[in-house]
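# Architecture and fold: a report
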Amino acid sequence: MDTRLRTLLHDLATEMPVDIEGTAPKTLRRARGRRVLTGGAGAAIAVALVVVVSMSVLRFADHPTVTPAVTGPNPSATFEGLWPETDIEALAETQAAVDDGHMPVRTTPEGTATLLATNLLGWELSDVQTESIAVSEDRATVTIENRLFGDRVPVITVELGRLGEIGPNGAWSVLGVSTPLIQIDELAEIVPESPEIITGFLILSGSVTDEFDGATAIEAHVFDGPALVPSLGSSRQELRDRRFDFTREVSVEATPDGRATLLLTVPDATGASLGAVMVRVETPVGDPAPTGPNLTGVPPDVAATAQRIYDAANAEDFDALAELLDPNTFVYNLDDGSDPIPAWRADPSELEIMVAILEMPPTSRDIGEGYGTFFFWPYLVNSDFNVLTVQERADLALLGFTEKDIQLIIDGGYGYQGPRLAIDETGLWRNFITVGE
Amino acid sequence: MDALYRAHAAEALRLGYLLTGDRTLAEDLVQDAFVKVLGRFHDIRNRDAFWWYLRKTIVNLSTSYFRRRGVERAWFARQRPEEAATAPRDLAERDRLRTALMTLRPEQRAAIVLRFYEDLSEADTAEALGMPLGTVKSTVSRGLERLRHELPEEA
């Protein structure tokens, strides 16, 4: 089997078309864009955590607007800058360098806006055209335009500020970027109440205006520093009817101040951005929780069973799972008295679902005479969908529920219908259901 | 950077394809992996190390993708039961392998591909997957068992 398998795998691999000349330019352009200025920026970020939801909805008008910064949960997180520095210490380092005669481009708002165009938007320096709309001592509005794009592509507005030293040597920082090309209807970032998940979802929807028909896709990047890498999460979506609707997982790493920068770009065929929006998003702060079942508030007997189920499912140990359930009383997908083991052997991915929901907090419900109290994973079993919290929306997103799914449940007056598992108060495993009510 | 891409793109794409069974997904995944790894390499000197990081990133991205898909599948299966179609009977040998590979759990598939396509040792596979050696052994064993079941004539 081993030799035969090797041969078959190599044969199968030849099905993959390899067009290096065709794929190299785009990949390398993306990679180069992320390498610029990354020196020394990455070491601070190490802990993988979750992101997502939020109920902070930002709306953009039809005209260039200044994006209001979303204040993070950390009281010290008052630094307004989104790029290149995201905290006062980093700006102080830059200012010291500027004072020593380096980076003169940072002493003018036009120079800083040009730096954004070349470093983040993929524009060639010779193509960048800037115009100052309003400049005061510590605030400026600059538009940037790519000469190659022509009149159909609207200019990008960059809001800048001097956040440290004021005066001719004071470094300018980007406070926001906007374009009428990209309209955001909803932006939602989830900050879990406790960072117990390691991935989450960025919920983002909007449209690309009708003024330009060359935009085919949109990219979202979450980062915290001068470059897009180290990345806290990125996503690309092909536009459909000029609309985008991200509800997808974004791995986000903790930032020291609970904040990061979101950059939306609309790349053209060469990777240069036709438009861009830059806003602040919140990120969780803390250490990733160790993997394992969430046993919060459950009695010892229940906790012991949950741990054994989790371990067995994780190891895909069907014999151990069989020892934990009684086919005469166990309910699998609403089929009373059946033995689920053959079905799980046939589709082991069911066990991944088991593991995933056991990692979420549990809840309990009094089932009634003869049954006592059941402990359910996930806690969403008891959630009121009419008043979902940010955390509940985050966890539903993690289980694959879209906003549309949630609305269907609300409209239908249903409760949670996703995968769930129950253990009774004696520690007896009662059910595992993955197919709805 | 260009040389690194040209040196490893073909192998990366083929690995991505074996892990995903989907050409478009493999291209996207490999591009993301290159961007991540190239972006983190400020001073690339050791090309072997580059491939090691790239391979690990491709594997991580694919297992992450399929794990998420697995959780979602239960919810959507009821609404789209037609997606659970069985494989056609008269598939060519290559197609049967592709179908069989996709019945494996992502970690199993990755372990099998790393062991028998990349020809990594069990220890290297364990390192690439971030698994204990014993887990790799049992994962590969179960994966092979399942492949034998799915590809009886090749057993």
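This text follows the structure it describes.
Reading the values: the criteria
- Residues numbered from 1 in each chain as written.
- Chains lettered and ligands numbered in written order.
- Predicted model: local features only at pLDDT ≥ 70, side-chain atom pairs only at ≥ 80, totals over all residues.
- Heavy atoms only, no water.
- Helix = DSSP H or I, 4+ residues; strand = E, 2+ residues; numbered from the N terminus.
- Buried < 20%, exposed > 50% of the residue type's maximum accessible area, 1.4 Å probe, protein only.
- Contact = heavy atoms within 4.5 Å.
- Areas by Shrake-Rupley, 256 points an atom, 1.4 Å probe, with all protein chains shown as cover.
- Core = buried A, V, L, I, M, F, W, Y, C linked by side-chain atoms within 4.5 Å.
- Arc of directions from axis to C-beta.
- 1 Å grid on protein atoms, 1.4 Å probe; cavity = no way out; pocket = protein on both sides within 12 Å on 5 of 7 lines; lining within 4 Å.
- Points joined across faces, edges and corners; volume = space filled by probe spheres on them.
- Nonpolar A, V, L, I, M, F, W, Y, C, P; charged D, E, K, R; others polar.
- Axes fitted to C-alpha atoms, helices over the stretch in contact; angles between N-to-C directions.
- Parallel < 35°, antiparallel > 145°, perpendicular 65-115°, else oblique.
- Left-handed = near helix turned anticlockwise from the far one by under 90°.

## Overview of the overall build of chain B
When helices and strands are tallied, chain B shows seven helices and zero strands. Ordered by position from N to C terminus, the α and β elements of chain B give α-α-α-α-α-α-α. In chain B, buried positions account for 49% of the 155 residues. Taking the intrachain contacts of chain B between residues at least 6 apart in sequence as the baseline, contacts between residues at least 24 apart amount to 66%. About 7400 Å² of surface is accessible on chain B, with carbon and sulfur atoms providing 46% of the total.

## Looking at the nonpolar core
Among the nonpolar cores identified, the biggest contains 52 residues, and F34(B), L54(B), I58(B) and I112(B) are the most heavily contacted of them. The element that contributes the greatest number of residues to this core is helix α1 (residues 2-20) of chain B, accounting for ten residues. Setting aside residues no more than four positions away along its own chain, I112(B) makes contact with L5(A), L9(A), L101(B), L104(B), Y117(B), V140(B), G143(B), L144(B) and L147(B). Listed in part, the 49 residues of the second largest apolar core include F223(A), L228(A), L239(A) and A276(A).

## Thoughts on the environment of A306(A)
Residue and element names in this part refer to chain A. Its place among the elements puts A306 in helix α5 (residues 300-314). With 18 residues separating them along the chain, A306 and L324 place their C-alpha atoms 9.8 Å apart. Contact partners of A306, with chain neighbours within four places excluded, come to P293, L295, L358, W377 and I423.

## Thoughts on the environment of Y332(A)
Tracing the sequence through the fold places Y332(A) in strand β14 (residues 331-332). Classification of Y332(A) as buried rests on a relative accessible area of 12%.

## Description of helix α10 (residues 403-412) of chain A
Residues and elements named next belong to chain A. Considered for burial, the residues of α10 that qualify are D405, I406 and I409. Relative to the axis of α10, the buried residues are bounded by an arc of 100 degrees and lie together on one face. Facing away from the buried surface of α10 by more than 90 degrees, the exposed residues are K404, L408 and D411. Of the residues one or two after α10, G413 is the one with positive phi, at around 70 degrees.

## Regarding empty space enclosed by the protein
A probe as big as a water molecule, rolled over the atoms, marks out the empty space that is left. Residue and element names in this part refer to chain A. This model, assessed by the stated rule, comprises five cavities of 30 Å³ or more. Empty space within the second largest cavity amounts to approximately 50 Å³. Together, G81, L82, T86, D224, D257, R259, A260, T261 and R280 line the second largest cavity. Sort the elements by how many residues they give to the lining of the second largest cavity and strand β12 (residues 259-267) lands first, with three residues. Of the residues in the lining of the second largest cavity, the class split is two nonpolar, three polar and four charged.

## Considerations on the packing of helix α4 (residues 93-103) of chain B against helix α7 (residues 133-150) of chain B
Residues and elements named next belong to chain B. At a closest axis distance of 10 Å, the pairing of α4 and α7 adopts a crossing angle of 135 degrees. By the angle between their axes, α4 is oblique relative to α7. The chirality of how α4 crosses α7 is right-handed. Along its contact with α4, which presents A100, L101 and T103, the element α7 presents R146, L147 and E150.

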